[in-house]
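Observations on chain architecture
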Amino acid sequence: MLILKLTPKTFILKKLLLVTVFLLGYTQAFLAQDLNVDIKTSEVYKDKKKNTTLSFTASDGKGGLFVGRSYYGGLLKTLKGYYIEHYDSNLNLVKEFDYEIDRETVQQAFVNNGELHLLTTQYDRDSREIKCLVQSTSVNNFKFSSKELMSLNIKESSGRFVGFYGIGLQQVDGDSFGSISLSKNNNYIVINFDIKNKDEETHKIHVFNKNFEEVFTNTFKRDIKDRKFTLKDISVDDNNGTVYLLGKAYTDQKRKKKEGGKYQYELYRINAKSSKSLSFDTDDKFVRSLTPVFDNDRVFCVGFYSEKNDNRFKGVGYFNIDPETLTITSKKFSPFTEQFIMDKYGKSKDKELRNISYRDILITSDGECLINGEEFYVTSHYVSNQYGGTWRYTYHYRDIVSLKLGKEGNLIWARNINKKQASSAPSDYLSFTSTYHNDKAYIFINCSDKVRKLRNDRLEFKGIKAKKSNLYVITIDSEGTYDYKSLIDDKDAEVPFRVGNGIYDFSNEIIFLGQRGRKKQLLKLTL
């Protein structure tokens, strides 16, 4: 088997290989030999419903997992319930249950002390309240009991809860009107509500431990008009339940800036005893969005930056924060490398990118930060017909962007993997899922069995039909060298797998759900 390794140091290939690729135009032979991935599949099962969507998963603590898939019904195709299935470590179906709902949505799920817990939101029409509930059952059966954690009158809410069924929009400011988040190891739960207050940004924050005992509650207020503050992230520390809230504020003072983004980022640390805040701007750079990262005793924020505007991307920005004093200790802005530009364009080019969105931010065993993103955008065109016409949309899932930062925020390497996929609707059969294991980044994608050869020794992974593609793994090692391998051929699979929505628990296993019509199957890949 021939091997192709695209390294940051060289693009030299044997002449015979170049001639062969040139004549074929495409190649299927350049597959790495040492990408050992163990493949295990479940039986193929059939559902009563044709269309279901993966909504939540939870490890059972014994190598198995719970899978929850939502289904819809009625004329308007509204959410009707969830199929909940328990699989053992060999992907055998142990038990299944049809969890029917009434104006309720599952937000999170986890297992603790032999019980499966579903964190849900429900709209009570009689009291006009949004209720946050925990629905619990033994892992050995599906006999649920319910407990209310808190409630909020709908008049206080700024809009609908994220993913919440049955609440119409009221006053919208662009924030995620509410959320339920878990800490890394499910030791703490944070419930956040965006409260209606046009004069001040206001949030009600409730923190519970894994036994559903309230640790503290806090009403967060920022003296700025609601529309001038965007909540970017809310996270809870797994060790002590401390909440970190990151926002983007468009203040009057920053409007006077002559260069860079006319805004500032604000990080708030909130616990039962006190709260502290940090404000920082992006100097002469534009940073559309930042993501806070928590790694043991480290706190830092990362995001793509531009020298032109918020809708361009020139490189990656890094802000290191002292978690005790909540001060910036260092910051770096690193442009994409020449290797990255060569990957994308095949030649040196002074051009900023567009349409990059985050997919995964992973921390390695050495404390380095791996950022994987995707070039994603939507186009539309108007189609005329005898009744007037209609708008049609195309969802483009393009190049994969992968960067690795050192512990001090220095850019170690940056790679662009050319990919071309499109669909008439959002599709999790497209895009990708990534993870990290043994000093390698693993990226799983669906694409054609013909990997296209581009000029200057580059490859392009090209999608055909979302539900008729081969499953590939791409790896990037510690030096930035990438390889790839075909794992499952479309002809050998009864169902295509939803690679855009993989299930993993930061170990060496990743699981994908496969579906075609009423058929479904689980795939477990062990690295």
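In the block above lies the structure referred to throughout.
Reference entry: report on the structure contained in this document. (Residues numbered from 1 in each chain as written. Predicted model: local features only at pLDDT ≥ 70, side-chain atom pairs only at ≥ 80, totals over all residues. Heavy atoms only, no water.)

This part covers the overall build of the chain. The number of helices and strands found in the chain is two helices and 36 strands. Burial statistics for the chain: of 527 residues in total, 53% are counted as buried. The long-range fraction of contacts in the chain, counting pairs at least 24 apart against all pairs at least 6 apart in sequence, stands at 51%. Accessible area of the chain: about 24800 Å², with a carbon and sulfur share of 44%. (Helix = DSSP H or I, 4+ residues; strand = E, 2+ residues; numbered from the N terminus. Buried < 20%, exposed > 50% of the residue type's maximum accessible area, 1.4 Å probe, protein only. Contact = heavy atoms within 4.5 Å. Areas by Shrake-Rupley, 256 points an atom, 1.4 Å probe, with all protein chains shown as cover.)

Look at any regular strand and the pattern is simple: side chains alternate between the two faces of the sheet. With ten of 13 residues buried, strand 27 (residues 411–423) is to be regarded as a mostly interior element. Across nine bridges, strand 26 (residues 390–405) lies against strand 27 in antiparallel orientation. The residue of strand 27 that forms the bridge with Lys404 is Trp413. Following strand 26, the chain reverses through five residues before pairing antiparallel with strand 27; Gly409 in that reversal takes a positive phi of roughly 90°. Of the pairings in the sheet, the one linking strand 27 to strand 31 (residues 458–462) comprises three bridges and is parallel in character. Paired with Lys420 across the bridge in strand 31 is Lys462. (Pairing = 2+ DSSP bridges.)

The next thing to look at is the packing of aromatic side chains. As enumerated under the stated definition, the model contains 29 aromatic pairs in all. Considering the side-chain rings of Phe319 and Phe333, the 5.7 Å spacing of their centres and the 85° angle between planes classify their relative orientation as edge-to-face. With Phe319 in strand 22 (residues 315–322) and Phe333 in strand 23 (residues 327–335), this residue pair connects regions lying 14 residues apart in the sequence. In this structure an aromatic cluster arises from ring pairing among Tyr250, Tyr263, Tyr265, Phe280, Tyr305, Phe319 and Phe333. The residue whose ring lies beneath Arg359 is Phe432, and the NZ or CZ to ring-centre distance is 5.5 Å. (Phe/Tyr/Trp six-rings, centres within 6.5 Å; stacked < 30°, edge-to-face > 60°. Lys NZ or Arg CZ within 6 Å of the ring centre and 35° of its normal.)

As a further point, take the side chain of Asn320. With respect to the element layout, Asn320 can be found in strand 22. On the basis of relative accessibility, which here comes to 18%, the residue Asn320 falls in the buried class. A polar contact of 3.1 Å, which involves the side chain of Asn320, links it to the side chain of Tyr318. (Polar contact = N/O pair within 3.5 Å; in protein donor to acceptor, adjacent residues only side chain to side chain.)

So, on to the sheet that holds strand 13 (residues 188–195). Pairing between the strands of a sheet comes from backbone hydrogen bonds, and it takes one of two forms, parallel or antiparallel. Pairing in this open sheet of four strands is antiparallel, and the strands run 12-13-14-15 from one edge to the other. Strands at the two margins of the open sheet, each flanked by one partner only, are strand 12 (178–182) and strand 15 (214–222). Pairwise comparison of adjacent strand axes, ignoring direction, gives a mean angle of 15° for this sheet. Judged from the eight bridges that link them, strand 14 (residues 201–209) and strand 15 form a sheet pairing that is antiparallel. (Axes fitted to C-alpha atoms, helices over the stretch in contact; angles between N-to-C directions.)

Time to look at unusual backbone geometry. A positive phi angle is found at Ser431, which is not glycine, with a value near 65°. Within the secondary structure, Ser431 sits in the loop between strand 27 and strand 28 (433–437). A positive phi angle, close to 65°, is found at Asp439, a residue other than glycine. According to the relative accessible area criterion, Asp439 is partly exposed, its value standing at 37%.

Attention now moves to a nonpolar patch on the surface. Nonpolar side chains collect at one region of the surface, where Val378, Tyr382, Trp391 and Tyr393 lie side by side and expose about 430 Å² of accessible area between them. Every element with two or more residues in the nonpolar patch is listed here: strand 25 (369–383) and strand 26. As for its position among the elements, Tyr393 is in strand 26. By relative accessible area, Tyr393 is classed as partly exposed at 42%. (Patch = residues over 30% accessible without salt bridge, like charges linked within 9 Å, V, L, I, M, F, W, Y side chains within 5 Å. Salt bridge = Lys/Arg side-chain N within 4 Å of Asp/Glu carboxyl O.)

Here Gly346 lies in the loop between helix 2 (338–345) and strand 24 (356–363). Leave out the neighbours within four places in its chain, and Gly346 touches Ile341, Asn456 and Arg458.

For the rest of this paragraph, the subject is the sheet that holds strand 22. The sheet built from four strands is open, its strands ordered 20-21-22-23 with antiparallel pairing. Across the chains shown, the open sheet's two edge strands, defined by having one partner strand only, are strand 20 (291–295) and strand 23. In this sheet, neighbouring strand axes are inclined to one another by 20° on average, regardless of whether the strands run parallel or antiparallel. Relative to strand 21 (residues 298–305), strand 20 runs antiparallel, the two sharing five bridges. In the sheet register, Thr291 faces strand 21, and the bridge partner there is Val302.

With that settled, consider the pattern of salt bridges. Here the structure, examined in full by the defined rule, presents 27 salt bridges. A salt bridge links Lys344 to Glu375, with the nearest nitrogen and oxygen atoms 2.9 Å apart. With Lys344 in helix 2 and Glu375 in strand 25, this residue pair connects regions lying 31 residues apart in the sequence. Across the pair, exposure class does not vary: Lys344 and Glu375 are buried alike. Where Glu460 meets Arg452, a salt bridge forms, and the shortest distance between an N and an O atom there is 3.7 Å.

As a further point, take the nonpolar core. Within the largest apolar cluster, 20 residues are counted, with the highest numbers of intra-cluster contacts made by Phe304, Phe336, Ile371, Leu403 and Leu405. Put simply, the parts of the chain that give this core at least two residues each are strand 21, strand 22, helix 2, strand 25, strand 26 and strand 27. Counting 19 residues, the second-largest nonpolar core is a separate cluster that includes Ile400, Val451, Tyr472 and Tyr482. (Core = buried A, V, L, I, M, F, W, Y, C linked by side-chain atoms within 4.5 Å.)

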